[in-house]
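# What the coordinates show
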Amino acid sequence: MNITQELVTHHGVLRQLFEQSKTNIAVADDFLRNLIVHHTMEEKYFYDLLEQETQAHEKALEAVNEHHIIELIIKDLERFPRDHERFAIKVESLGEYTSHHLDEEEAIIFPMAEQLFPQDSQATLGALFAQAKAMLLGIKLPPVPGKAGAKAAKSIVGAKKKEAPVKAAPAGAKALPPDLGIGSLRK
Ligand SMILES: [Fe+2]
Ligand SMILES: [Fe+2]
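In this report, we go over the structure that sits alongside the text. Worth saying up front: this structure is predicted, and the values here are computed from it rather than measured. (Residues numbered from 1 in each chain as written. Chains lettered and ligands numbered in written order. Predicted model: local features only at pLDDT ≥ 70, side-chain atom pairs only at ≥ 80, totals over all residues. Heavy atoms only, no water.)

Counting secondary structure elements, the chain contains 6 helices and 0 strands. Here the chain holds 187 residues, and the buried ones make up 37% of them. Counted over contacts in the chain with a minimum sequence separation of 6, partners at least 24 positions apart contribute 80%. As displayed, the chain offers around 11300 Å² of accessible surface, 59% of which is attributable to carbon and sulfur atoms. (Helix = DSSP H or I, 4+ residues; strand = E, 2+ residues; numbered from the N terminus. Buried < 20%, exposed > 50% of the residue type's maximum accessible area, 1.4 Å probe, protein only. Contact = heavy atoms within 4.5 Å. Areas by Shrake-Rupley, 256 points an atom, 1.4 Å probe, with all protein chains shown as cover.)

The structure is reproduced here in structure tokens:
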């Protein structure tokens, strides 16, 4: 997938985690972790390059400034115990602000980048973003699809019988490096 496709796919995960956090506040930490990784890597593999394009320069600066506002809200959230009544309210505000940011990227900024970036660069950046995201959030193996999948899964399970069971880490459970944050990789 190219870089904008990768980013849109991860936007889907962010939207889903935000929705889930409205009814289950325990999901909020996973939402925050994905948000930090998304924006830090989006700056490194997308906005640092888009800023260099004259036609998109201002839009790129605006978007990165919105990342900075999101970062401030996340920092504020870190002060609150997860069961504090204001924590859920603040997650809600963060999610609403973020949704607006994601919508604008998809409607205005990504189509701009698709016109400006060479095709091969879009593919390379997409691969780098996907790799960085997998390293930071933990790699999730895709499910085996359909009937053939059930057969294949059976043989995999059979072959693994003698091995010690492998415990899958819950999604997003991997701790982020302590110095990783939105803006932390920018010059
Ligand atoms: Fe963004
Ligand atoms: Fe984004």
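All right, on to the layout of surface pockets then. By volume, the second largest pocket is sized at about 270 Å³. Lining of the second largest pocket is provided by 14 residues; of these, Ile 36, Ile 74, Glu 78, Leu 176 and Leu 180 occupy positions nearest its centre. Elements that contribute at least two residues to the lining of the second largest pocket include exactly helix H2 (28-50) and helix H3 (57-77). With 4 residues, the top contributor of residues to the lining of the second largest pocket is H2. Residue classes in the lining of the second largest pocket are distributed as 7 nonpolar, 1 polar and 6 charged. (1 Å grid on protein atoms, 1.4 Å probe; cavity = no way out; pocket = protein on both sides within 12 Å on 5 of 7 lines; lining within 4 Å. Points joined across faces, edges and corners; volume = space filled by probe spheres on them. Nonpolar A, V, L, I, M, F, W, Y, C, P; charged D, E, K, R; others polar.)

Let us look at the packing of H2 against helix H5 (residues 119-137). For the pair H2 and H5, the least separation of the axes is 10 Å and the interaxial angle reads 155°. Comparing their axes, H5 and H2 come out roughly antiparallel. For the element pair H2 and H5, the recorded crossing hand is right-handed. Residues Arg 33, Asn 34, Val 37, His 38, Met 41, Glu 42, Tyr 45 and Leu 49 of H2 form the contact with H5, whose own contacting residues are Leu 125, Leu 128, Phe 129, Ala 132, Lys 133, Leu 136 and Leu 137. When the residues that make up the contact of H2 with H5 are grouped by side-chain class, the tally is 10 nonpolar, 2 polar and 3 charged. (Axes fitted to C-alpha atoms, helices over the stretch in contact; angles between N-to-C directions. Parallel < 35°, antiparallel > 145°, perpendicular 65-115°, else oblique. Left-handed = near helix turned anticlockwise from the far one by under 90°.)

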